[in-house]
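# Examining the three-dimensional arrangement
Next come the chains, spelled out residue by residue.
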Amino acid sequence: AWRTDPPMRLPSPQPYMEGAVLAMLGEIRAPALLIEATHGYLRDRAGFERRMACLDLVRLVGVSGAHHLHTGPAAADIAAAIRRFTSDSPSGDKIK
């Protein structure tokens, strides 16, 4: 049976301020892959876009599905995206 860890759903007692989050993201120099469900439940698209803009090397891949996308039919698409990402040589270009 599926279970969750209830404390993981609680707000952090010491949350980062948005400026600190953006500053930390801006320091990441490694290529990053973000796989996003096309029917996910992203609540703050503008905040997401601000955060994505901080990353120098990010590849955003949209995969058809919802929140638990990795557990359903999209698993093969996710695996393919990861294989492509890990086999590509870093180009130094911002990929969005």
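In this text, all values refer to a predicted model and were calculated from it rather than measured experimentally.

Before going further, it helps to examine the pairing of strand 2 (residues 58–63). Relative to strand 2, strand 1 (residues 32–37) runs parallel, the two being bridged by six bridges. In the sheet register, Ile-35 faces strand 2, and the bridge partner there is Val-61. Traced from strand 1 through helix 2 (residues 45–53) to strand 2, the parallel crossover comes out right-handed.

Take the pattern of salt bridges next. Using the criterion set out here, one finds six salt bridges in the structure. Linking Arg-45 and Glu-36 is a salt bridge whose minimum nitrogen-to-oxygen distance equals 2.7 Å. Linked by salt bridges that have partners in common, Glu-27, Arg-29 and Asp-56 make up one network.

Along the chain, the position of Glu-36 falls in strand 1. Assessed through its relative accessible area of 18%, Glu-36 is described here as buried. Ignoring sequence-local partners within four residues, the contact set of Glu-36 consists of Leu-42, Arg-45, Phe-48, Leu-60, Val-61, Gly-62, Val-63 and Leu-69.

Here Ala-81 shows up in helix 3 (residues 75–87). For the pair Ala-81 and Leu-33, spaced 48 residues apart in the sequence, the C-alpha separation amounts to 8.6 Å. Non-local contacts of Ala-81, meaning those with residues more than four positions away in its chain, are made with Leu-33, Ile-35 and Val-61.

Conventions and cut-offs
Residues numbered from 1 in each chain as written. Predicted model: local features only at pLDDT ≥ 70, side-chain atom pairs only at ≥ 80, totals over all residues. Heavy atoms only, no water. Pairing = 2+ DSSP bridges. Helix = DSSP H or I, 4+ residues; strand = E, 2+ residues; numbered from the N terminus. Right-handed = clockwise from strand over helix to strand, strands pointing away. Salt bridge = Lys/Arg side-chain N within 4 Å of Asp/Glu carboxyl O. Buried < 20%, exposed > 50% of the residue type's maximum accessible area, 1.4 Å probe, protein only. Contact = heavy atoms within 4.5 Å.

All quantities given are derived from atomic positions and should not be read as evidence of function.
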